[in-house]
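Coordinates in review
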Amino acid sequence: PLDKEELGKSTWGFLHTMASYYPEKPTKSEAEKMVQFFNIFSQFYPCEPCALDFQDDIKKNPPKTKTREELAKWLCDRHNTVNKKLGKPMFDCSKVHERWKDGWLD
Ligand code: FAD
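Read on for an overview of the structure. (Residues numbered from 1 in each chain as written. Predicted model: local features only at pLDDT ≥ 70, side-chain atom pairs only at ≥ 80, totals over all residues. Heavy atoms only, no water.)

**A few points about helix H4 (residues 68-85)**
Think of an α-helix as turning once every 3.6 residues; residues three or four places apart then point the same way. Compared with an ideal rise of 1.5 Å per residue, which puts 18 residues at 26 Å, H4 spans 26 Å between its outermost C-alpha atoms and is within 8% of the ideal. Listed in full, the buried residues belonging to H4 are Arg68, Leu71, Ala72, Trp74, Leu75, Cys76, Arg78, His79, Asn80 and Asn83. Check the buried side of H4 and you find it contacts helix H1 (4-21), helix H2 (28-44), helix H3 (48-60) and helix H5 (96-102). Two residues or fewer past H4, glycine 87 is found with a positive phi of approximately 70°. (Helix = DSSP H or I, 4+ residues; strand = E, 2+ residues; numbered from the N terminus. Expected span 1.5 Å × (residues − 1). Buried < 20%, exposed > 50% of the residue type's maximum accessible area, 1.4 Å probe, protein only. Contact = heavy atoms within 4.5 Å.)

Dropping the structure here:
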């Protein structure tokens, strides 16, 4: 059976890592494709209630793909929207590259 928690954890890992390694200055084509990626992703994410809420959320807050910084921040905000819904703690989005690219600086 589908494990929503396990799927969620690994999916966020993939999505945040992808955002942290997205080009700092993407081409117009790359920027457009990343918007398409999230639209398609939200259609096929294999947890239906999750996918439906995520579709609503990105309709209101469309993907920001002009720079790596903008994409990483946008995705962090989307994850925080889900965290809030589930009663999980908010994540400090200034630490998103530390978590997903550079490793914790401690
Ligand atoms: P996760 O939320 O999976 O986070 C994993 C790690 O990411 C954390 O340990 C932390 O280090 C880091 N992190 C946390 N917040 C952020 C952030 N804002 N930015 C960057 N890094 C962060 N579950 C449901 O029950 N209902 C839903 O409607 C639902 N919708 C989802 C929609 C999407 C698009 C995805 C990918 C998942 C969804 N999930 C949903 C799953 C849910 O978000 C969690 O993944 C799951 O509950 C496991 O939570 P976790 O505590 O292991 O940490």
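That was the structure; now back to the text.
**Here we look at the site of the ligand**
Near the ligand you find 22 residues, and of these Trp12, His79, Lys85, Lys88 and Arg99 are the closest. Within the backbone of cysteine 76, an N or O atom sits 3.0 Å from a nitrogen atom of the ligand. In this structure, a nitrogen atom belonging to the ligand sits 3.2 Å away from a side-chain N or O atom of asparagine 80. In the complex, 86% of the free accessible area of the ligand, which totals 960 Å², lies under the protein chains. Here the shell around the ligand gets seven residues from one element, more than from any other, and that element is H1. Residue composition of the shell around the ligand, grouped by class: 10 nonpolar, six polar and six charged. (Near = heavy atom within 4 Å. Polar contact = N/O pair within 3.5 Å; in protein donor to acceptor, adjacent residues only side chain to side chain. Areas by Shrake-Rupley, 256 points an atom, 1.4 Å probe, with all protein chains shown as cover. Nonpolar A, V, L, I, M, F, W, Y, C, P; charged D, E, K, R; others polar.)

**Things to note about the state of the cysteines**
Taken as a whole, this structure holds two disulfides when the rule is applied. In this model cysteine 47 forms its disulfide with cysteine 50; the gap between the sulfur atoms is 2.1 Å. Judged by the sign of its S-S torsion, about 60°, the cystine formed by cysteine 47 and cysteine 50 is right-handed. Looking at cysteine 47, the relative accessible area reads 4%, which means it is buried. Here cysteine 76 connects covalently by a disulfide to cysteine 93, the sulfurs 2.0 Å from one another. When the S-S torsion is -90°, as for the bridge of cysteine 76 with cysteine 93, the disulfide is left-handed. Residue cysteine 76 is located in helix H4, and its partner cysteine 93 is located in the loop between H4 and H5; the two are separated by 17 residues in the primary sequence. Given the relative accessible area of 2%, cysteine 76 is considered buried. Of the residues examined, cysteine 93 reaches a relative accessible area of 14% and is grouped as buried. In the protein chain, the bonded cysteines, taken in the order they occur along the sequence, pair up as 1-2, 3-4. (Disulfide = S-S within 2.5 Å.)

**Regarding the packing of aromatic side chains**
Tallied over the entire structure, the rule returns seven aromatic pairs. Taking the centre distance of 6.1 Å and the plane angle of 20° together, the rings of phenylalanine 37 and phenylalanine 41 count as stacked. Taken as a pair, phenylalanine 37 and phenylalanine 41 lie in helix H2 at a separation of four residues, close to a single helical turn. A residue is classified by how much of its surface remains accessible, and phenylalanine 37, at 26% relative accessible area, is partly exposed. (Phe/Tyr/Trp six-rings, centres within 6.5 Å; stacked < 30°, edge-to-face > 60°.)

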